[in-house]
Amino acid sequence: MDVLTVDGLSVDFTTQEGRARAVDNVSFSVPRNRTVALVGESGSGKTVISQTIMGLLPEKAQVSGGRVLFRDSDEAEPVDIAALDRKGPALRAIRGNRIAIIFQEPMTSLSPLHTIGDQIGEAAELHRGCSPAEARELTREMLRLVRFPDPARALDAYAFELSGGLRQRAMIAMAMICRPSLLIADEPTTALDVTIQAEILKLIKDVQTELHMSVLLITHDFGVVANMADDVVVIYHGRIMERGSAADLFANPQHAYLKALLNAVPRFGMEAGERLVPIRPIEPHAEGFLKKASGRPACAPGTPLVTLSGVTKRFTTRKGGMLGGSAHTVLALDDINLTVRRGECLGLVGESGSGKTTTAKAVLRAIEIDEGGIRYDCGKGPVDVAKMSGADLLDYRKRVQLIFQDPFSSLNPRMTVNELLSEPLVIHKIGTPEERAERVRELMRLVGLDPRFLRRYPHSFSGGQRQRIGIARALALNPEFILCDEPTSALDVSVQAQVLNLLKDLKAELGLTYLFVSHNLAVVDYIADRVAVMCRGRVVEVGATRDVVQNPLHPYTQALLASVPEPDLGAPLDFAALDAGRASEPAEWPDPYRVVDGVRPVLVEMAPGHFVCAPGLAPSRPAASMEAAQ
Amino acid sequence: MSMREETAHYVNPEAFNPAQAETLSPEQERYYQASQWQIMWWKFRRHRVAVWSGVILILFYLCVPFAELIAPYSPNERSNDHLYAPPQTLRLFHEGSFVGPFVYGSKASIDLETVRWVYAEDRQDVQPLRFFCSGSKYRFWGLFDARFHLVCPAEGGTLYLLGTDRLGRDVLSGLIYGARLSLTVGLVGVTISIVLGLFFGGIAGFFGGFIDSAIQRVIEILRSLPELPLWMALSAALPVTWSPVWIYLGITVILGLLDWPGLARAVRSKLMALREEEYAKAALLMGASPSRVIRKHLLPGFTSHIIASASLSIPAMILGETALSYLNLGLRRPAVSWGVLLNEAQDISVVVVYPWLMAPVVPIIVVVLAFNFLGDGLRDAADPYK
């Protein structure tokens, strides 16, 4: 029996510019007790479909055709949700009761003013007529079901006291409390770290088995699809491109779009020279650029370009008001030793809070470090970055550039692309206005954008195009070292492949050096020559990418790799092996890897060029760690 | 569950267009090449009430430069025969036949029982209005003598569309001349307030730390003072011997001095928010100096907000001037403002008998409302990228 049948659904949006069709004649069904994945890129209409099912469409959207039939028991007549009044009691009785939803952003979907217990219990009081005491009992039961460590205590906790993973668990408990027949999970793990993502996916599977419910999983991540879905619906620009069982679709993709998407996903174990195939490939044109860049004295590739030695950073937060209060210190970077070699791409991998972005900022001299030193070799020997000033610092700013994570907020919305790209040249007083104009056009061609776009403002571009503008801006000053701070994490898979290929090509053509910060191991595996894994402000493993990915030695790296869902039905996640986040707790690592306060995270060479943080194996002379990372 | 058959494999027969996500329609093309001011204007235009408020305000502000031409009389011109004359009705038809706009003449007499002027309309005395005519003499902008008016009473007739006051001065002309001071008080005051607000808010927002705390405390103190008594105290400090022009300047300075804290706060919070934007950081990391970051990257982001909040504080200034003048603490005759005109209406018994003396209340309400609607519209349009 099908719990949900979407039949020829079309949804239109009325905007100032006219009507736009967001969903066009979409049909699929969600059978009982099965998981259907709705896969598509941003703007494909997958969220609009979930809003239609929940009756949460915005005012300006109209269902212009088709039906959404919901039936949760064999006897009941199917209800056409699309025809119900969006504010009426009939829909209210279904929403949150028979159909529940969990959202992408656990940080904002819980109210900060109510306890977790009150928020979860509210649905039970509303839909099942529970008394507050019964609701509380039911909530405790649900929190136990979603494996809260201490359900009784969590009842009275507030959202801000919980981590992202626990909040998402609370959201799932909230969705589950009325034992719905259908759960809509709208990108439930996109905002979470990969180890937590695996836990949440496991949880959704467990809860589904226990409550016999159907799941409509909305995602863009084929790794999640391969691990969760029974059926898959692929949607592009409001139209279904391909639909079928997961086994069929992964084994035998038919439509050009699905094939293209699958080709664009980076996987572990790609051949050394294998390239991703983006849906919209671009050709960087570097002719004019190479000529001018050659003026700089060439240095031998492989020599150290940036060296971090013993870099330590503490963040102090003051609790209390202006009349003082206790200081609270967080160790953001603990004795970081890293070397970036000229001409390589060093991947810096870690989960949120691991200190990878702080490391990048320290190299940029965007924050001051407390201990240790960062030396940069401009070709005349290493210079301490912290001691640079005046013309030296300005020169450093020219040589070292940053590509931001968020292509939306990093471009000033009030400047045209032309102004954005010439801004670095103006700041450094390079060239005449004519030369700058020529340079800006060259930059546009370099990232495969039409120079006619120069008069446009950034809001007119898609995420991938904006990120290319960001890359062009970073290249404007002919830098030699570029820090990429999660440059593709805000982009769709197909666009990610395009940007990754562009970065690869530019590196080869312009002889750049990258420090590539990312939480996505598959991406780092694709682009980086060497990789450094960070956890809780410490570097836990450094080595050639291939060595680290295929032969991880540190327990954290192993856990990290084990949690990455692969877009391959043959390699499912081993849910049984997950250990509830203990792998990211340095004090819980087994000997000799355990790091407790006061112990230096010493890197030890376990294999040639492959270093692991293992204080227990360190020789007694502490100075040994200084050279260890070389 | 194992009973059900496998889901059929469906493949859309149509190909897909990879460029679909990045192709733009001509309208989008136009939109995407528009500057922030153009987009703000498009957004503002959709706010009907705000647009109409803007039009009304423009009409009112036309009185400022051309008061002499628009008003039929000078504001201080007396007519001893028409003390407390009621408004004359504008008519088009006399005894069924069309004669164009005219008023009937009136005859004054004193009602000895109630001791008040009574005006009887003389239905035979047709006084057609003259247009683009030569009327009472004035000094245009204080530069040269002229007699040209847009509209004048008939030769030897009167035109008191809103009646007269106790000295026989035309209320309508008073309103038109009064707009000159009442409406500009807000603009001049807001200019002072913007300069101070930008300066103090700017340094508080950019430097933060101790300077920020100090300025914040000063603002809190200023905002905790009761407004009206403070205005009164400051206005009372203006020497009585000053000419009306100096008093006017003094009043605007007082109003501006007391208004800047609000704007300073707006500037500070906006600057602090924008400073954290990644594009500002990007500029710093490119090597831009702090002053360049403020000028090129931050300032364009909040000018529109400043304009919007300024337009919302103009009505407060207009009301402030009105209140002061009404209380005899602000402007005084021969200067004319709406507050000065309302000063005539201080005596409740006079207002009961001659209600048209309250006429200045109407333009005040209209202007204040219009500014509020306009400010709302501007505020909604101020961030074109939200």
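Residues numbered from 1 in each chain as written. Chains lettered and ligands numbered in written order. Predicted model: local features only at pLDDT ≥ 70, side-chain atom pairs only at ≥ 80, totals over all residues.

The next thing to look at is the overall build of chain B. Along its length, chain B carries 12 helices and 6 strands. In terms of C-alpha radius of gyration, chain B reaches 29 Å, well past the compact-globule figure of 21 Å for 386 residues. In terms of its C-alpha atoms, chain B occupies a principal-axis envelope of roughly 105 × 60 × 50 Å. Across the 386 residues in chain B, those meeting the buried criterion constitute 37%. Considering only contacts within chain B whose residues lie at least 6 apart along the sequence, 71% involve residues at least 24 apart. (Helix = DSSP H or I, 4+ residues; strand = E, 2+ residues; numbered from the N terminus. Rg over C-alpha atoms; globule rule 2.2 N^0.38 Å. Buried ≥ 20, exposed ≤ 12 C-beta atoms within 10 Å, placed from the backbone. Contact = placed C-beta atoms within 7 Å.)

Below, the discussion takes up the overall build of chain A. Scanning chain A from N- to C-terminus turns up 21 helices and 22 strands. Over its C-alpha trace chain A gives a radius of gyration of 26 Å, about what one expects of a compact globule, namely 25 Å for 630 residues. Dimensions of chain A, computed from C-alpha atoms along their principal axes, come out at roughly 80 × 60 × 55 Å. Per-residue burial over chain A gives 49% buried out of 630 residues. Here the analysis covers contacts within chain A between residues at least 6 apart in sequence; of these, 69% occur between residues at least 24 apart.

Attention now moves to the sheet that holds strand S13 (residues 345-349) of chain A. Residues and elements named next belong to chain A. Ordered in space as S16-S17-S18-S13-S19-S20-S22-S21, the 8 strands form an open sheet in which the pairing is mixed. The open sheet has two free edges, formed respectively by strand S16 (400-403) and strand S21 (603-607), since each of these has just one partner strand. The mean angle between the axes of side-by-side strands here comes to 20°, regardless of whether they run parallel or antiparallel. Where S16 and strand S17 (residues 481-485) come together, 4 bridges link them in parallel fashion. (Pairing = 2+ DSSP bridges. Axes fitted to C-alpha atoms, helices over the stretch in contact; angles between N-to-C directions.)

Moving on, we get to the sheet that holds strand S5 (residues 79-80) of chain A. Think of a sheet as strands paired side by side through backbone hydrogen bonds, with each pair either parallel or antiparallel. Residues and elements named next belong to chain A. Read from one edge to the other, the open sheet built from 4 strands follows the order S2-S1-S4-S5, with strand pairing classed as antiparallel. Taken across any chain shown, the strands that pair with only one partner, and hence form the sheet edges, are strand S2 (18-31) and S5. By the bridge criterion, 10 bridges tie strand S1 (residues 2-15) to S2 in an arrangement that is antiparallel. Bridge assignment links Leu 9 to a residue of S2, and that residue is Val 26.

With that settled, consider the pairing of strand S4 (residues 61-70) of chain A. All names here are of chain A. Bridging between S1 and S4 involves 8 bridges; their strand directions are antiparallel. Looking across to S4, one finds that Leu 4 is bridged to Phe 70. Bridging between S4 and S5 involves 2 bridges; their strand directions are antiparallel. Looking at S5, one finds that Phe 70 is bridged to Val 79.

This part covers the environment of Gly 201 of chain B. Residue and element names in this part refer to chain B. Relative to the helices and strands, Gly 201 is located in helix H4 (residues 171-207). We classify Gly 201 as buried; it has 29 C-beta atoms within 10 Å. Considering only alpha carbons, one finds Gly 201 and Leu 263, 62 residues apart in sequence, at a separation of 7.5 Å. Filtering out sequence-adjacent residues up to four positions away, Gly 201 remains in contact with Leu 263, Ala 264, Arg 265, Ala 266, Val 267, Arg 268 and Leu 271.

Bringing the confidence of the model for chain A into the picture now. Mean pLDDT over chain A works out to 85, with 93% of the residues at or above the 70 mark. Counting interchain partners and residues more than four positions distant, the pLDDT-below-50 stretch residues 621-630 of chain A has 21 contacts. (pLDDT = per-residue confidence, 0-100.)

Turning our eyes to something else, we now look at the packing of H4 of chain B against helix H5 (residues 209-224) of chain B. Residue and element names in this part refer to chain B. H5 packs onto H4 with a crossing angle of 140° between their chain directions and a minimal axis gap of 7 Å. By the criterion of interaxial angle, the relationship of H4 to H5 is oblique. Crossing geometry of H4 relative to H5 is assigned as left-handed. Between H4, through Phe 200, Ile 203, Ala 204 and Phe 207, and H5, the contact on the second element is made entirely by Gly 209, Ile 211, Asp 212, Ile 215 and Gln 216. Tallied by class, residues from the contact of H4 with H5 come to 6 nonpolar, 2 polar and 1 charged. (Parallel < 35°, antiparallel > 145°, perpendicular 65-115°, else oblique. Left-handed = near helix turned anticlockwise from the far one by under 90°. Nonpolar A, V, L, I, M, F, W, Y, C, P; charged D, E, K, R; others polar.)

Attention now goes to the environment of Ala 170 of chain A. Residues and elements named next belong to chain A. In this structure, Ala 170 sits in helix H6 (residues 164-176). Overall, Ala 170 belongs to the buried group, with 27 C-beta atoms counted inside 10 Å. Sequence separation between Ala 170 and Glu 59 is 111 residues; the distance between their C-alpha atoms is 29 Å. When near neighbours in sequence (up to four residues on either side) are disregarded, Ala 170 contacts Leu 110, Ile 116, Ile 120 and Leu 162.

On to H6 of chain A. Residue and element names in this part refer to chain A. Given a rise of 1.5 Å per residue, 13 residues ought to cover 18 Å, and the 18 Å separating the end C-alpha atoms of H6 matches this to within 8%. H6 sits mainly inside the fold: 12 of its 13 residues count as buried. For H6, the complete set of buried residues consists of Gly 165, Leu 166, Arg 167, Gln 168, Arg 169, Ala 170, Met 171, Ile 172, Ala 173, Met 174, Ala 175 and Met 176. Looking at the packing, one finds that the buried side of H6 touches strand S6 (99-102), helix H3 (116-128), helix H4 (132-145), strand S7 (182-186) and helix H7 (194-211). (Expected span 1.5 Å × (residues − 1).)

On to the environment of Pro 487 of chain A, then. All names here are of chain A. With respect to the helices, strands and loops of the structure, Pro 487 is situated in the loop between S17 and helix H17 (493-510). Taking the C-beta count within 10 Å as the criterion, Pro 487 has 30 such neighbours and is therefore assigned buried. It is 20 Å that separates the C-alpha atoms of Pro 487 and Tyr 457, two residues lying 30 residues apart in sequence. Those residues in contact with Pro 487 that sit more than four places away from it in its chain are Ile 403, Gln 405, Gln 467 and Val 499.

Confidence along chain B averages 83 in pLDDT terms, with 96% of residues attaining 70 or more. For chain B, the element scoring lowest by mean pLDDT is helix H1 (residues 26-32) of chain B, at 71; helix H3 (residues 48-70) of chain B scores highest, at 90.

Residue and element names in this part refer to chain A. Look at the link from Asp 591 to Pro 592: it is a cis peptide, with omega at 5°. Counting through the fold element by element, Pro 592 comes out in the loop between helix H20 (555-563) and S21. The backbone of His 237 sits at a positive phi, close to 50°, despite the residue not being glycine. Position of His 237 relative to the elements: it lies in the loop between strand S9 (231-236) and strand S10 (239-245).

Residue and element names in this part refer to chain A. Between helix H14 (residues 417-427) and helix H16 (residues 463-475), the shortest axis-to-axis distance is 8 Å and the interhelical angle comes to 30°. With respect to each other, H14 and H16 are oriented roughly parallel. On H16, the residues that touch Val 417, Leu 420, Leu 421 and Pro 424 of H14 are Ile 469, Ala 472 and Arg 473. Its residues assigned to classes, the contact of H14 with H16 shows 6 nonpolar, no polar and 1 charged.

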